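A look at the structure
Chain residues, written in single-letter form:
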Amino acid sequence: VQLQACGGGLVQAGGSLRLSCAASGRTFSNYGMGWFRQAPGKEREFVAAVSGSGGVTYYAGSVKGRFTISRDNAKNTVYLQMNSLKPEDTAVYYCAADRSPVVVTHEAPYDYWGQGTQVTVSS
């Protein structure tokens, strides 16, 4: 599986962005998908995850209520809608795929990673 993330950019605090992650392959619904982020000088952290069917989602406390993860299995794409952005959301955002279709909140089980897309939120 190859993952291609896009949609990052520069936005003012309070603004919105939608990230997309397109996956290769024909069994996309078999993969649990997640978004992680890494800010400068910090470790990569979990942001959100969605099950293979899209029916189950999970969020980090810092983004719950502001971010929404979703997927379109017909388009082999997972999305991260980010609203009410804050300067502390500034980071490189990575999508990841797990060969199990369940929600996973830790890095280790993920088998495939995208290249990352930069999100910068100005105050």
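Relevant structure appears above.
Residues numbered from 1 in each chain as written. Predicted model: local features only at pLDDT ≥ 70, side-chain atom pairs only at ≥ 80, totals over all residues. Heavy atoms only, no water.

**Some thoughts on the overall build of the protein chain**
Operational definition: The helix count covers DSSP runs of H or I at least four residues long, the strand count covers runs of E at least two residues long, and both are numbered beginning at the N terminus. Here the radius of gyration uses the C-alpha set of atoms, whereas the globule reference equals 2.2 Å times the residue count to the power 0.38. For the exposure calls, accessible area comes from a 1.4 Å probe over protein chains only, and a residue counts as buried if that area is under 20% of its type's maximum, exposed if over 50%, partly exposed in between. The contact definition used throughout considers only heavy atoms, calling two residues in contact when any of these lie within 4.5 Å. Per-residue and other accessible areas were derived by the Shrake-Rupley procedure at a 1.4 Å probe size, with only the shown protein chains allowed to occlude residues. For the charge count, each Lys or Arg is scored as positive and each Asp or Glu as negative, with His and the chain ends excluded. To locate a charge, take NZ of a lysine, CZ of an arginine, CG of an aspartate or CD of a glutamate.
What the protein chain contains, in helices and strands, is zero helices and eleven strands. Whereas a compact globule of 123 residues would reach a radius of gyration of roughly 14 Å, the protein chain reaches 13 Å, a difference of no more than 12%. C-alpha atoms of the protein chain, sized along the principal axes, occupy 40 × 25 × 25 Å. The buried share of the protein chain, taken over its 123 residues, is 44%. By sequence separation, contacts in the protein chain at least 24 residues apart represent 59% of the contacts at least 6 residues apart. Working note: accessible area of the protein chain is about 6,100 Å², and carbon and sulfur atoms make up 48% of it. Here the protein chain contributes 11 positive and 8 negative side-chain charges, whose respective centroids are spaced 6 Å apart.

**A few points about the nonpolar core**
We count it as follows: Among the buried residues, those of types Ala, Val, Leu, Ile, Met, Phe, Trp, Tyr and Cys that are joined through side-chain atoms within 4.5 Å form a nonpolar core.
Grouped together as the largest cluster of nonpolar side chains are 36 residues, with contacts concentrated most on Met33, Trp35, Leu80, Met82 and Tyr93. Where this core is concerned, the elements lending two or more residues are β1 (3–6), β3 (17–23), β4 (32–38), β5 (45–50), β7 (67–72), β8 (77–82), β9 (91–98) and β11 (117–122).

**Some details on the sheet that holds β7**
For clarity, the cut-off: Strand pairing follows a simple DSSP-based rule, namely that at least 2 bridges must link the two strands. Only the stretch in contact is used when a helix axis is fitted, and all axes are lines through C-alpha atoms; the angle between N-to-C directions ranges over 0 to 180 degrees.
Spatially, β1-β3-β8-β7 is the arrangement adopted by the four strands of the open sheet, whose pairing is antiparallel. On the outer flanks of this sheet lie β1 and β7, each paired with one strand and no other. For this sheet the average axis-to-axis angle between neighbouring strands, irrespective of direction, equals 15°. Judged from the six bridges that link them, β3 and β8 form a sheet pairing that is antiparallel. When the sheet's bridge partners are listed, Arg18 is paired in β8 with Gln81.

**Comments concerning unusual backbone geometry**
At Asn76, a position not held by glycine, the phi torsion is positive, near 55°. A residue is classified by how much of its surface remains accessible, and Asn76, at 14% relative accessible area, is buried. At Ser84, a position not held by glycine, the phi torsion is positive, near 50°. As for its position among the elements, Ser84 is in the loop between β8 and β9.

**Looking at the side chain of Arg37**
Selection rule: The definition of a polar contact used here is a pair of N or O atoms within 3.5 Å, where within protein one atom must be able to donate a hydrogen and the other to accept one, and adjacent residues in sequence count solely through side-chain atom pairs.
Along the chain, Arg37 turns up in strand β4. A distance of 3.5 Å separates the side chain of Arg37 from the side chain of Ser62, its partner in a polar contact. Separated by 2.9 Å, the side chains of Arg37 and Asp89 make a polar contact. Arg37 has contacts with Glu43, Arg44, Glu45, Val47, Ser62, Val63, Phe67, Glu88, Asp89, Ala91, Val92 and Tyr93, leaving out every residue within four places of it along the chain.

**What about the pattern of salt bridges?**
Our working definition: Every case where a carboxyl oxygen of Asp or Glu lies within 4 Å of a side-chain nitrogen of Lys or Arg is listed as a salt bridge.
Under the definition given, this model contains five salt bridges. A salt bridge links Arg37 to Glu45, with the shortest nitrogen-to-oxygen separation between them at 2.6 Å. The exposure class of Arg37 is buried, given its relative accessible area of 6%. When its relative accessible area of 36% is taken as the criterion, Glu45 is described as partly exposed. Its salt-bridge partner being Arg66, residue Asp89 comes within 2.7 Å of it at the nearest N-O pair. Highlighted residues: Asp89 in the loop between β8 and β9 and Arg66 in the loop between β6 (57–59) and β7, separated in sequence by 23 residues. Take Asp89 and Arg66: they sit in the same class, and that class is buried. Taken together, the shared-partner salt bridges connect Arg37, Glu45, Arg66 and Asp89 into one network.

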